[in-house]
Amino acid sequence: MGRWEPGAGSRLRDAALALYLERGFEQTMVADIAERAGVTARTFFRHFADKREVLFDGSSELEERSVAALEAAPATASALDAVAAALDAVAGMIGGDREFARTRQTVIMANAELRERELIKLASLSAVLADRLRRRGIGDTEASLATETGIAVFRVAYERWINATEDRDLRDVIRETLAQLRALTAVG
């Protein structure tokens, strides 16, 4: 007892997602997830703080990587280009498993509390990135517009990616969506 079980995290994630789809998020208990994964509830809590975290695990790493990418953008990059670099880092982290992303999105969209949590996560990322842009000397309004726009681009691109019938790279879909936004807002 009390030891870390390699591979238990992914087994727990898979078990939780299957149960969330079968029973619904609210009707699924941690004990059910642990049993399905073949581990104890105690092991579950070594990996996740609660059953929501199965869906939001990695949020802090995602934020760290996006901030690092924004900060690594050239000093001459526009605010939106710096945000695009951050989105590219996000895509690199979450874009490798579209089936997981689809299942995760299905579970989140079926539960108001989870949708709220997802929106809070995105708002938090926007605020952190806007703060980092301000530290780069970007004005308040421009920093806020760039990050909120970036989050909107991400949300649209993410939906396009998970719903695509063909195999697409999330980075490419984000870049295409950003290009469409630029064309839409170009002064003509």
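All of the points below concern the structure found in this document. (Residues numbered from 1 in each chain as written. Predicted model: local features only at pLDDT ≥ 70, side-chain atom pairs only at ≥ 80, totals over all residues. Heavy atoms only, no water.)

### Some words on the overall build of the protein chain
In step 1: Tallying secondary structure elements over the protein chain gives ten helices and zero strands in all.
In step 2: Order of helices (α) and strands (β) in the protein chain, N terminus to C terminus: α-α-α-α-α-α-α-α-α-α.
In step 3: Expressed as lengths along the three principal axes of its C-alpha atoms, the size of the protein chain is roughly 60 × 35 × 25 Å.
In step 4: Counting across all 188 residues of the protein chain, residues that qualify as buried make up 40%.
In step 5: A separation of at least 24 residues holds for 65% of the contacts in the protein chain among residues at least 6 apart in sequence.
In step 6: Carbon together with sulfur atoms contributes 52% to the accessible area of the protein chain, which is approximately 10,100 Å² in total. (Helix = DSSP H or I, 4+ residues; strand = E, 2+ residues; numbered from the N terminus. Buried < 20%, exposed > 50% of the residue type's maximum accessible area, 1.4 Å probe, protein only. Contact = heavy atoms within 4.5 Å. Areas by Shrake-Rupley, 256 points an atom, 1.4 Å probe, with all protein chains shown as cover.)

### Some words on the packing of aromatic side chains
In step 1: Taken as a whole and judged by the stated rule, the model has five aromatic pairs.
In step 2: Taking the centre distance of 5.5 Å and the plane angle of 45 degrees together, the rings of Phe44 and Phe48 count as tilted.
In step 3: By relative accessible area, which is 0% here, Phe44 ends up buried.
In step 4: Judged by its relative accessible area of 5%, Phe48 is buried.
In step 5: With a centroid separation of 5.9 Å and 45 degrees between ring planes, the pair formed by Tyr158 and Trp161 is classed as tilted. (Phe/Tyr/Trp six-rings, centres within 6.5 Å; stacked < 30°, edge-to-face > 60°.)

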